[in-house]
Amino acid sequence: ACAAIAQDRNRLPITVEARSTDFDYQNSVLVFNDVTIVQGAVRITAERAQASGLDFEDSGWEFSGSVRMKLTDGELASDTARVRFSKGEIQSATVTGAPATFEQRHEAQLAQGRGNRIDYDLDRGTVELAGDAWLSDGHNEITGTTLVYSTGTQRVISQEQVVITIKPREPEIAPAPVAVPATEPKKPE
């Protein structure tokens with residue numbers, strides 16, 4: 001199913017909107033200010049972007065200033081990002097910040113993470129949080145130097161020491177019984 005979604009996405013047009021643009025054809029550098037790139041449900045916004053061309057078949061882009069990415073299976077926010085476009089779609093993204101953040105909603109569960117650097121590989125469906133990495137499912141928290149999270153299976157892997165904090169769940173409070181007024185039995189007439 002994921003491959004079918006990717007095939008459909010790379011057939012969608014990519015729209016680039018910017019407040020201002022500077023095309024340096026001699027040096028093959030494009031600079032965009034207050035830029036938004038949209039392809040279907042995928043959306044990237046930033047104060048500034050620089051690219052070596054508008055070739056989305058194979059190009060690298062650098063985004064800076066309030067970078068926000070809404071991707072097929074998550075959202076990223078950071079100070080800076082490097083995005084690789086390949087075959088007409090986003091292939092991977094590396095975001096850095098103080099910290100960079102990741103979020104994914106899966107049914108009723110919200111996974112959130114942060115790190116100094118986040119490497120997001122869309123083909124593999126993995127998010128690698130590195131440098132003061134933290135990941136939470138809303139109840140439990142995992143911290144470590146590097147954490148790898150699978151967006152498809154909601155699985156976390158680390159080859160290094162981690163600390164897991166398990167928060168007790170709030171007890172479910174049963175609704176108070178509804179008081180039924182006592183009635184006296186009717187006397188037969």
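Residue numbers restart at each chain and count upward from 1, following the sequence in its written direction. With the structure being a predicted model, the display of local features is reserved for residues of pLDDT at least 70 and the display and counting of side-chain atom pairs for 80 or more, all residues being used for whole-chain, interface and lining totals. Heavy atoms throughout the structure, all of them, feed into the side-chain values; hydrogens and water do not.

**Thoughts on the overall build of the protein chain**
Operational definition: Think of it this way: any DSSP run of H or I at least four residues long counts as a helix, any run of E at least two long counts as a strand, and we number them from the N terminus. Only protein chains enter the accessibility calculation, which uses a 1.4 Å probe. A residue is then buried if its area is under 20% of the maximum for its type, exposed if over 50%, and partly exposed in between.
Across its full length, the protein chain carries one helix and 11 strands. Every one of the 189 residues in the protein chain was classed for burial, and the buried ones make up 33%.

**Points about the nonpolar core**
The criterion, for reference: Side-chain atoms within 4.5 Å link the members of a nonpolar core, which is a set of buried Ala, Val, Leu, Ile, Met, Phe, Trp, Tyr and Cys residues. In what follows, residue pairs with any heavy atoms lying within 4.5 Å of each other are defined as contacts.
Counting 35 residues, the largest nonpolar core has W61, F63, M69 and L76 as the members making the most contacts within it. Sorting the residues of this core by element identifies β2 (29–39), β3 (42–51), β4 (58–71), β5 (74–86), β6 (89–106), β7 (109–121), β8 (126–136) and β9 (140–150) as the ones contributing at least two each. When residues no more than four places from it in sequence are discounted, the contact partners of M69 are R43, I44, G74, E75, L76, A81, V83, A93 and V95.

**Thoughts on the pairing of β9**
Worth spelling out the cut-off: By definition, two strands form a pair when at least two bridges between them are found by DSSP.
In the sheet, β8 pairs with β9 via nine bridges, with the strands oriented antiparallel. Of the residues in β9, the one forming a bridge with L135 is I142. Connecting β8 to the next strand, β9, in antiparallel fashion are three residues, including G138 with a positive phi near 105°. Direction of pairing for β9 relative to strand β10 (residues 155–157): antiparallel, over a ladder of three bridges. Opposite V148, over in β10, you have I157 as the bridge partner. Connecting the antiparallel pair β9 and β10 is a turn made up of four residues, with Q154 showing a positive phi of about 55°.

**Let's talk about the environment of R155**
Examined against the element boundaries, R155 turns out to sit in strand β10. On the basis of relative accessible area, R155 is assigned to the exposed category, the value being 53%. Sequence spacing of R155 and T126 is 29 residues, and the spatial spacing of their C-alpha atoms is 9.5 Å. If we skip the residues at most four places from it in the chain, R155 touches V148, Y149 and S150.

**Brief notes about the confidence of the model for the protein chain**
As a reminder of what qualifies: One number per residue, pLDDT, summarises how confident the predictor is, and it ranges from 0 to 100.
Across the protein chain, the average pLDDT comes to 86, with 86% of residues at or above 70. Within the protein chain, no element has a lower average pLDDT than helix α1 (residues 2–9), which sits at 48, and none a higher one than β3, at 96. Note on residues 1–7: pLDDT under 50 across the span, and one contact to partners over four residues away in sequence or across chains.

**Quick notes on the packing of aromatic side chains**
Note on aromatic pairs: each is described by the distance of the centres and the angle between the planes. Put simply, the rule is: For this analysis, a ring pair means two rings from Phe, Tyr or Trp (six-membered ring only for Trp) whose centres lie within 6.5 Å, classed as stacked if their planes differ by under 30 degrees, edge-to-face if by over 60, and tilted for the remaining angles. Here, over-ring charges are defined by two tests on the NZ atom of lysine or the CZ atom of arginine: distance to the ring centre within 6 Å, and angle to the ring normal within 35 degrees.
One pass over the full model with this rule turns up nine aromatic pairs. Consider the rings of F32 and W61, whose centres lie 5.5 Å apart with planes at 15°: the pair is stacked. Highlighted residues: F32 in strand β2 and W61 in strand β4, separated in sequence by 29 residues. A single burial state applies to F32 and to W61, both of which are buried. Measuring from ring centre to ring centre gives 6.0 Å for W61 and F85, while their planes differ by 65°; the resulting arrangement is edge-to-face. With W61 in strand β4 and F85 in strand β5, this residue pair connects regions lying 24 residues apart in the sequence. Here the two residues W61 and F85 agree in accessibility, since each one is buried. We note R114 situated over the ring of W134; from NZ or CZ to the ring centre the distance is 4.2 Å.

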